[in-house]
Amino acid sequence: MSLPSLTSDPAFSICVYCGAKPGDDPAFVETARQVGRWIGHHGGQLVYGGGRSGLMGIVADATLAAGGRVVGIIPKALVDNEWAHQDCTELHVVDTMHERKQMMAERADAFLAMPGGIGTFEEFFEIWTWRQLGYHNKPVGLLNLNGYYDGLLTFLQSAVTHQFMGNWQMELISVNNQAPRLLAQLVQSAGLHYSVRGGAI
């Protein structure tokens with residue numbers, strides 16, 4: 001399986017995995033807006049699951065408001081459940097989750113997992129697994145906002161300690177608690193450059 005990078009007008013294309021709910025901390029919502037603004041203000045494109053609800057919708061709205069392109073990809077069965085975002089620059093309605101995730105991977109230069117639930121976890125682990133297997137070599141980031149992923153990172157280190165994983169696998173992901181720093185790192189690791197528009201964070 002080969003995952004080609006998007007070659008289009010945007011300077012870069014970031015796939016963001018995040019919750020279809022807003023969570024209990026206002027910082028989740030504000031950071032989702034920050035991520036979207038950063039993508040838009042730096043000439044980028046957001047690729048995401050195509051929903052209007054929760055952090056998904058907030059990231060998309062913020063990207064659009066900042067002048068960025070938004071590619072939403074959503075299965076038919078979830079159009080109603082996740083309130084498909086009809087204002088996306090491109091909205092692709094596909095038949096299955098497999099098609100959704102494959103298209104998201106193909107359209108992205110890098111991947112960012114924000115706080116979310118089981119769907120976010122599954123997408124993050126799959127794209128990380130694909131990287132370790134050599135199906136792609138695109139940067140993968142985990143935004144550990146306010147320690148949200150502390151428990152997961154502790155568990156992963158336990159898997160390394162018990163020799164079910166190696167440190168080299170952990171080195172395939174970038175972890176940071178600051179969205180702008182992590183986004184810049186992902187874009188640069190992908191070998192891409194970005195412009196800085198007015199009001200960029």
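I'm lost on the overall build of the protein chain in this one. Help?
Looking only at helices and strands, the protein chain features seven helices and seven strands. Going from N to C terminus, the protein chain has its helices and strands arranged as β-α-β-α-β-β-α-β-α-β-α-α-β-α. If you line up the protein chain on its principal axes, its C-alpha atoms span 45 × 40 × 40 Å. When contacts within the protein chain are restricted to residue pairs at least 6 apart in sequence, long-range pairs at least 24 apart make up 72% of them. As displayed, the protein chain has an accessible area near 9300 Å², and 52% of this comes from carbon and sulfur atoms. Computed over 13 positive and 18 negative side-chain charges, the separation of the two mean positions in the protein chain equals 4 Å.

Quick question: what am I supposed to make of the sheet that holds strand β1 (residues 13-17) here?
Neighbouring strands of a sheet are bound in pairs by backbone hydrogen bonds; such pairs are parallel or else antiparallel. Pairing is parallel in the open sheet, where seven strands are placed in the order β4-β3-β2-β1-β5-β6-β7. A strand with exactly one partner marks an edge of an open sheet, and here the two such strands are β4 (90-94) and β7 (173-176). For this sheet, the mean angle separating the axes of adjacent strands, direction not counted, is 20°. When β1 meets strand β2 (residues 45-48), the two strands line up parallel, connected through three bridges. Its bridge partner lying in β2, Ile-14 is registered against Leu-46. The strands touched by helix α2 (residues 54-65) within the sheet are β2 and β3 (69-75), with β2 carrying the most contacts at an inclination of about 160°. Each of β1, β2, β3, β4 and β5 (110-113) touches helix α3 (residues 97-106); the most contacted strand, β3, lies at about 160° to it.

Could you clarify how one ought to interpret the packing of aromatic side chains in this entry?
The relation between two aromatic rings is expressed through the spacing of the ring centres and the mutual angle of the planes. For the coordinates displayed, the defined rule picks out 10 aromatic pairs. A ring pair is formed by Phe-28 and Tyr-148, whose centres lie 5.8 Å apart and whose planes are at 80°; its orientation type is edge-to-face. One end of the pair, Phe-28, is in helix α1 (residues 26-41); the other, Tyr-148, is in the loop between β6 (140-143) and α5 (150-161), and 120 residues separate them in sequence. When the centroid spacing of 5.5 Å and the interplanar angle of 35° are considered together, the rings of Phe-124 and Trp-128 count as tilted. Pair noted here: Phe-124 and Trp-128 are both in helix α4 (residues 118-132), with a separation of four residues, about one helical turn. The same class applies to Phe-124 and to Trp-128, which are both buried. In this structure an aromatic cluster arises from ring pairing among Phe-28, Phe-121, Tyr-148 and Tyr-149.

Looking at this structure, how should I read the environment of His-85?
Along the polypeptide, His-85 turns up in the loop between β3 and β4. His-85 gets classed as buried once you look at its relative accessible area, which sits at 0%. Distance from His-85 to Pro-10, taken between C-alpha atoms, is 20 Å for residues 75 residues apart in sequence. Once residues within four sequence positions are removed from consideration, His-85 is found in contact with Tyr-48, Gly-50, Gly-51, Arg-52, Gly-57, Ala-60, Asp-61, Leu-64 and Leu-91.

What is the right way to read the pattern of salt bridges from this model?
Proximity of charged atoms lets side chains of opposite charge pair with each other. Evaluation of the coordinates by the stated rule reveals eight salt bridges. Overlapping salt bridges bring together Glu-30, Arg-33 and Arg-37 as one network.

I tried to follow the packing of α3 against α4 on my own but got confused; where do I start?
Helix-helix packing is described using two parameters, namely the angle between the two axes and the distance between the axes. Two elements in contact, α3 and α4, have axes whose closest approach is 12 Å; the angle formed by their N-to-C orientations is 60°. When the interaxial angle is binned, α3 and α4 end up oblique. Between α3 and α4 lies a crossing whose hand is right-handed. Where α3 abuts α4, its residues Lys-101, Gln-102, Met-104 and Ala-105 lie against Glu-122, Glu-123, Glu-126, Ile-127 and Trp-130. Each residue belonging to the contact of α3 with α4 can be placed in one class, and the counts come to four nonpolar, one polar and four charged.

Help me understand the environment of Gln-132 in this model?
Among the structural elements, Gln-132 can be located in helix α4. Between the C-alpha atoms of Gln-132 and Ala-62, which are 70 residues apart in sequence, the distance is 32 Å. For Gln-132, the contacting residues outside a window of four places in its chain are Trp-168, Gln-169 and Leu-172. Polar side-chain contacts of Gln-132 include one of 2.5 Å to the side chain of Gln-169.

Basis of the calculations
Residues numbered from 1 in each chain as written. Predicted model: local features only at pLDDT ≥ 70, side-chain atom pairs only at ≥ 80, totals over all residues. Heavy atoms only, no water. Helix = DSSP H or I, 4+ residues; strand = E, 2+ residues; numbered from the N terminus. Contact = heavy atoms within 4.5 Å. Areas by Shrake-Rupley, 256 points an atom, 1.4 Å probe, with all protein chains shown as cover. Lys, Arg positive; Asp, Glu negative; His and termini not counted. Charge placed at Lys NZ, Arg CZ, Asp CG, Glu CD. Pairing = 2+ DSSP bridges. Axes fitted to C-alpha atoms, helices over the stretch in contact; angles between N-to-C directions. Phe/Tyr/Trp six-rings, centres within 6.5 Å; stacked < 30°, edge-to-face > 60°. Buried < 20%, exposed > 50% of the residue type's maximum accessible area, 1.4 Å probe, protein only. Salt bridge = Lys/Arg side-chain N within 4 Å of Asp/Glu carboxyl O. Parallel < 35°, antiparallel > 145°, perpendicular 65-115°, else oblique. Left-handed = near helix turned anticlockwise from the far one by under 90°. Nonpolar A, V, L, I, M, F, W, Y, C, P; charged D, E, K, R; others polar. Polar contact = N/O pair within 3.5 Å; in protein donor to acceptor, adjacent residues only side chain to side chain.

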